[in-house]
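Here's the letter readout for the chains.
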Amino acid sequence: NAGVTQTPKFQVLKTGQSMTLQCAQDMNHNSMYWYRQDPGMGLRLIYYSASEGTTDKGEVPNGYNVSRLNKREFSLRLESAAPSQTSVYFCASRALRDTSTDTQYFGPGTRLTVL
Amino acid sequence: GQQVMQIPQYQHVQEGEDFTTYCNSSTTLSNIQWYKQRPGGHPVFLIQLVKSGEVKKQKRLTFQFGEAKKNSSLHITATQTTDVGTYFCAGRSGGSYIPTFGRGTSLIVHP
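Residues numbered from 1 in each chain as written. Chains lettered and ligands numbered in written order. Predicted model: local features only at pLDDT ≥ 70, side-chain atom pairs only at ≥ 80, totals over all residues. Heavy atoms only, no water.

A. Fine view of the packing of aromatic side chains. Residues and elements named next belong to chain A. The full count for this structure, using the stated rule, is 13 aromatic pairs over all chains. Aromatic pair Tyr-33 and Tyr-48: ring centres 6.2 Å apart, planes at 20 degrees, arrangement stacked. With Tyr-33 in strand E4 (residues 31-38) and Tyr-48 in strand E5 (residues 42-49), this residue pair connects regions lying 15 residues apart in the sequence. There is no split in this pair, since Tyr-33 and Tyr-48 are both buried. With 6.4 Å between their ring centres and 85 degrees between their planes, Phe-90 and Phe-106 make a pair best called edge-to-face. With a gap of 16 residues between them, Phe-90 in strand E9 (residues 87-94) and Phe-106 in strand E10 (residues 105-106) connect regions that are remote in the sequence. Accessibility classification places Phe-90 together with Phe-106 in one group, the buried group. (Phe/Tyr/Trp six-rings, centres within 6.5 Å; stacked < 30°, edge-to-face > 60°. Helix = DSSP H or I, 4+ residues; strand = E, 2+ residues; numbered from the N terminus. Buried < 20%, exposed > 50% of the residue type's maximum accessible area, 1.4 Å probe, protein only.)

Encoded structure:
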C-alpha cells in the first residue's frame, strides 16, 4: 500500500515548455486534489476531482489543466510553463465516504522550476 | 469566500519551551484538521476536531476547537527538535465542499 505517489520528484522546464505531473492513489479514495505550495503562501488549491469523471477549479487554476483518468489517477498539465509556476506541487486524496472526516493524504510532491 | 487565518507565521523557541499556533475562520466550521509538514516533506495529517469546545491530546500536543467553532489552536508542551516543521490547519464550513488551509506556522526549535 503506497498511498499517494507522484512523478516526477523534480523537474526543470524552460519557459513555454509543457509537461504533465502524474498522481496515483491506491486507497480507493473518491476525491483527489492538486495544490501548489509557495513560501509564505501555504497550500493553494489548483483543481480537484470530487469523483471519477468530474473536475472543478480551485483557487488558482489559470495555466493548468487536469484529467481524472480513472479512480486511481489524477494528472496535472502545464501547457506553456511560466516562471510564475515555479513551485512545489502536491497531490492529495480523500475518502469522502464518511462526511465526518476530511482527512487528506498527500503525495511526496513534485519540485518544479521554470527558467 | 471562507478564509482561515493562521498566526504566527514563524515561531522560534528554545528547546523545552512551549509553542502555540492559532487558526481563526471567517465562518463557522464543520470541522478542522491539523497537519504537520517536516522541512522538505509533505503535509501529514495529525488530528481532526469536530465538536464545539473539543480538546484532544497526542502526547505533548494539545488541540482545541473553540466553542463557536470559528477558531482552533495547537499547543506543544516542552518542544523538542523533532517538532520542527510547519503546522497547518484546514477548516471546512458546512456550505463548502473542500477544506481551506491556513498559511501555516513554521516552528524552529533551537537546541
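B. Local environment of the sheet that holds strand E1 (residues 4-7) of chain A. All names here are of chain A. Overall, antiparallel pairing links the 4 strands, which are arranged E1-E3-E8-E7 in an open sheet. On the outer flanks of this sheet lie E1 and strand E7 (64-68), each paired with one strand and no other. Adjacent strand axes in the sheet meet at a mean angle of 20 degrees when their direction is disregarded. Pairing of strand E3 (residues 19-25) with strand E8 (residues 74-78), which is carried by 3 bridges, proceeds in the antiparallel orientation. Paired with Thr-20 across the two strands is Arg-77, which belongs to E8. (Pairing = 2+ DSSP bridges. Axes fitted to C-alpha atoms, helices over the stretch in contact; angles between N-to-C directions.)

C. Representation of the pattern of salt bridges. Tallied over the entire structure, the rule returns 5 salt bridges over all chains. Here A:Glu79 and A:Arg77 are joined by a salt bridge, their closest N and O atoms 3.1 Å apart. For A:Arg77, a relative accessible area of 30% gives the class partly exposed. Here B:Asp83 ties to B:Arg60 by a salt bridge, and the two come within 2.9 Å at their closest N and O atoms. One end of the pair, B:Asp83, is in the loop between strand E8 (71-76) and strand E9 (85-92); the other, B:Arg60, is in the loop between strand E6 (55-58) and strand E7 (61-65), with 23 residues separating them in the sequence. Judged by relative accessible area, which is 5%, B:Asp83 ranks as buried. (Salt bridge = Lys/Arg side-chain N within 4 Å of Asp/Glu carboxyl O.)

D. Inspection of the sheet that holds E8(B) at higher detail. Residue and element names in this part refer to chain B. If you walk across this open sheet you meet the 5 strands as E1-E3-E8-E7-E6, and the pairing is antiparallel. Because the sheet does not close on itself, it has two edges, and the strands there are strand E1 (4-7) and E6. Neighbour-to-neighbour, the strand axes of the sheet open up by a mean angle of 15 degrees, direction not taken into account. Inspection of the sheet shows strand E3 (residues 19-25) paired to E8 by 6 bridges, in the antiparallel sense. If you follow Thr-21 over to E8, its bridge partner there is Leu-74.

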